[in-house]
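The residues making up each chain are set out below.
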Amino acid sequence: MESKELVNLAAQACDEKRAQDIVVLDMSDVSLIADYFLICEGSNERQVQAIARELKNQAEQNGIEVKRMEGFEQARWVLVDLNDIVCHIFHKDERHYYNLERLWGDADNVTVEGLER
């Protein structure tokens, strides 16, 4: 699966669990870390965990290796590493504090088709 398809799958998985403010940044020209960052938020710890769990399940069902998942127990900032895609699932209070969109402001936003919001 190519990176663009994978980021769409990841965004859809997050959207299915009602993740809010889903943003995808094209990191290919600004960082060697990943091709894309997906950033979203949940309104409480249980929702953050549900989003991360759904993302992991969808990736595995599509034959994508989840290289690492960090922060799941605390559910304040869960990082899911899908190799070329790094997904940041924040608790709403933490997202504004870290403000990754501003930190990586040189990255272009990517439109993901079919999101409910």
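Residues numbered from 1 in each chain as written. Predicted model: local features only at pLDDT ≥ 70, side-chain atom pairs only at ≥ 80, totals over all residues. Heavy atoms only, no water.

- Under the annotation held in an unreviewed UniProt entry, the chain carries the name Ribosomal silencing factor RsfS and is attributed to Halobacillus karajensis.
- Per its UniProt entry, the chain bears the Subcellular location (unreviewed entry) comment "Cytoplasm".
- Per UniProt, the chain carries the Function (unreviewed entry) text "Functions as a ribosomal silencing factor. Interacts with ribosomal protein uL14 (rplN), blocking formation of intersubunit bridge B8. Prevents association of the 30S and 50S ribosomal subunits and the formation of functional ribosomes, thus repressing translation." (UniProt positions renumbered as here; feature names shortened; annotations may be inferred.)

1. Regarding the pattern of salt bridges
If the charged atoms of two oppositely charged side chains come close together, the side chains can form a pair.
Move 1: The tally for this structure, following the rule as stated, stands at eight salt bridges.
Move 2: Of the charged contacts in the structure, one is a salt bridge between E41 and R95, with a shortest N-O distance of 3.4 Å. With E41 in strand β2 (residues 36-42) and R95 in helix α3 (residues 92-98), this pair connects stretches of sequence that are 54 residues apart.
Move 3: Where R76 meets E45, a salt bridge forms, and the shortest distance between an N and an O atom there is 2.8 Å. Note that R76 is positioned in the loop between β3 (68-70) and β4 (77-81) and E45 in helix α2 (residues 45-61), a separation of 31 residues in sequence.
Move 4: Under the relative-accessibility criterion, R76 is labelled partly exposed at 26%.
Move 5: Assessed through its relative accessible area of 33%, E45 is described here as partly exposed. (Salt bridge = Lys/Arg side-chain N within 4 Å of Asp/Glu carboxyl O. Helix = DSSP H or I, 4+ residues; strand = E, 2+ residues; numbered from the N terminus. Buried < 20%, exposed > 50% of the residue type's maximum accessible area, 1.4 Å probe, protein only.)

2. Let's talk about helix α1 (residues 3-16)
Move 1: Here α1 spans 20 Å end to end across 14 residues, near enough to the 20 Å set by a 1.5 Å rise per residue.
Move 2: Every buried residue of α1 is accounted for by S3, L6, V7, L9, A10, A11, A13, C14 and D15.
Move 3: Structurally, α1 contributes buried residues whose contacts are with β1 (20-26), β2, α2 and β5 (85-91).
Move 4: Immediately downstream of α1, the backbone of R18 shows phi near 60°, a positive value. (Expected span 1.5 Å × (residues − 1). Contact = heavy atoms within 4.5 Å.)

3. Remarks on the nonpolar core
Move 1: L38, L55, L82 and I89 are the most contacted members of the largest nonpolar core, which totals 30 residues.
Move 2: Listing elements by their share of this core, those giving two or more residues are α1, β1, β2, α2, β4 and β5.
Move 3: Looking at this core, the element that brings in the most residues is α1, giving seven residues.
Move 4: Apart from the residues lying within four places of it in its own chain, the contact partners of L55 are A10, A13, C14, V80, L82, C87 and I89. (Core = buried A, V, L, I, M, F, W, Y, C linked by side-chain atoms within 4.5 Å.)

4. A short note on the side chain of E54
Move 1: Structurally, E54 is set in helix α2.
Move 2: Although E54 lies buried, it forms no salt bridge, and the closest oppositely charged side chain, K17, sits 4.4 Å away as judged by the N-O distance.
Move 3: The contacts of E54, once residues within four sequence positions are left out, are A13, E16 and K17. (Lys, Arg positive; Asp, Glu negative; His and termini not counted.)

5. Some remarks on the pairing of β4
Move 1: One ladder, built from three bridges, connects β3 with β4; its direction is antiparallel. Note that in β4 the partner of M69 across the bridge is V80.
Move 2: In textbook terms, the turn of a hairpin is the stretch between consecutive antiparallel strands, and for β3 and β4 this stretch comprises six residues, one of which, G71, has a positive phi near 85°.
Move 3: Bridge count between β4 and β5: five bridges; the pairing is antiparallel. When the bridges of β5 are listed, V78 appears paired with I89.
Move 4: Hairpin connection between β4 and β5: a loop of three residues separates the two successive antiparallel strands, and N83 in this loop has a positive phi of roughly 75°. (Pairing = 2+ DSSP bridges.)

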